[in-house]
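Residue-level structural notes
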Amino acid sequence: MDELQYDLTVYPTPVLRQVAEPVDAFDEELKGIVKGMLALMHQSEGVGLAGPQVGLKRRIFVMNATGKPEDEITMINPRILEKQGEATVFEEGCLSFPGIYAEVERPDSCTVEYWTVAGERREEGFTGFPSRVIQHEYDHLEGVLLVDRMSRADKLRHKNALAELVEDYRNKKAKAVK
Ligand code: CO
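Residues numbered from 1 in each chain as written. Predicted model: local features only at pLDDT ≥ 70, side-chain atom pairs only at ≥ 80, totals over all residues. Heavy atoms only, no water.

Next up on the list: the pattern of salt bridges. Under the counting rule described, the total for this entry stands at 14 salt bridges. Measuring nitrogen to oxygen at the nearest pair gives 3.5 Å for the salt bridge that ties Glu 21 to Lys 57. Highlighted residues: Glu 21 in the segment before α1 (28-43) and Lys 57 in the loop between β1 (48-50) and β2 (60-64), separated in sequence by 36 residues. Overall, the relative accessible area of 32% leaves Lys 57 in the partly exposed class. Arg 121 serves as the salt-bridge partner of Glu 113, at 2.9 Å between the closest nitrogen and oxygen. The class for Glu 113 is buried, based on a relative accessible area of 9%. Bridged by salt links that share partners, the residues Glu 92, Arg 106, Arg 132, Asp 139 and Arg 149 form one connected network. (Salt bridge = Lys/Arg side-chain N within 4 Å of Asp/Glu carboxyl O. Helix = DSSP H or I, 4+ residues; strand = E, 2+ residues; numbered from the N terminus. Buried < 20%, exposed > 50% of the residue type's maximum accessible area, 1.4 Å probe, protein only.)

Below, the structure written as structure tokens:
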């Protein structure tokens, strides 16, 4: 299947709040989805993109923590087996929250079980930035968003920007109905 064309799903679109469902077929359709997600991630200059961010309630995410082609990773049905290491604070952004950045505390390392797009099971440990990207993208599969992870002070700081996203979403929906 050819690469699918996707648009970014932006907060507060309801699919971002839903728990994504496991992928059960490692077929041509899945390959097309992943290709489309990788293309949109690159085009958006993001380091990660999860299924719900393209309107898909599927447990899929793509990532590239360095921008080097060899560091591109696709995780299907990922499961974080363990989080280890010190809690670290780092400023995170999210393609579904354009222009909003906030400090988020997460454990430094994690061990993940996932399946490749070809259906091969992997178990791997990640540290530092890649581990952070995985934990952020995994949150998306559970319907957990940047706005849930930010401090109360950051939420207040971004109050107007968040309200604007809600307003934009309402306007777009109203237009679509007409
Ligand atoms: Co995100």
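What the five strands build is an open sheet, ordered β1-β2-β3-β4-β5; its pairing is antiparallel. The sheet terminates laterally at β1 and β5 (121-127), the two strands that pair on one side only. The average undirected angle you get between the axes of adjacent strands in this sheet is 30°. Of the strands in this sheet, β1, β2 and β3 (72-92) touch α1, which is tilted by about 40° from β2. (Pairing = 2+ DSSP bridges. Axes fitted to C-alpha atoms, helices over the stretch in contact; angles between N-to-C directions. Contact = heavy atoms within 4.5 Å.)

At this site the cobalt ion is bound by Cys 94 (SG), His 136 (NE2) and His 140 (NE2), with donor distances of 2.1 to 2.2 Å. Read in sequence order, the donor residues for the cobalt ion give the motif C-x41-H-x3-H. Taken as a pair, Cys 94 in the loop between β3 and β4 (102-115) and His 140 in helix α2 (residues 129-141) lie far apart in primary sequence, 46 residues in all. The burial state of Cys 94 is the same as that of His 140; both residues are buried. (Donors = N, O, S within 2.8 Å, 3.2 Å for Na, K, Ca; no water.)

This part covers the environment of Asp 24. Turning to its location among the elements, Asp 24 is positioned in the segment before α1. C-alpha separation for the pair Asp 24 and Ile 76, spaced 52 residues apart in sequence, amounts to 9.7 Å.

Turning to the packing of aromatic side chains, a few remarks are in order. If you walk through the whole model with that rule in mind, you get two aromatic pairs. Summarising the aromatic geometry, the rings of Tyr 11 and Phe 97 are spaced 4.7 Å apart at their centres and angled 25° between planes, so their arrangement reads as stacked. With Tyr 11 in the segment before α1 and Phe 97 in the loop between β3 and β4, this pair connects stretches of sequence that are 86 residues apart. Comparing Tyr 11 with Phe 97, the two get one shared label, buried. A ring pair is formed by Phe 90 and Phe 129, whose centres lie 5.8 Å apart and whose planes are at 50°; its orientation type is tilted. Separated by 39 residues along the polypeptide, Phe 90 in strand β3 and Phe 129 in helix α2 bring together distant segments of the chain. (Phe/Tyr/Trp six-rings, centres within 6.5 Å; stacked < 30°, edge-to-face > 60°.)

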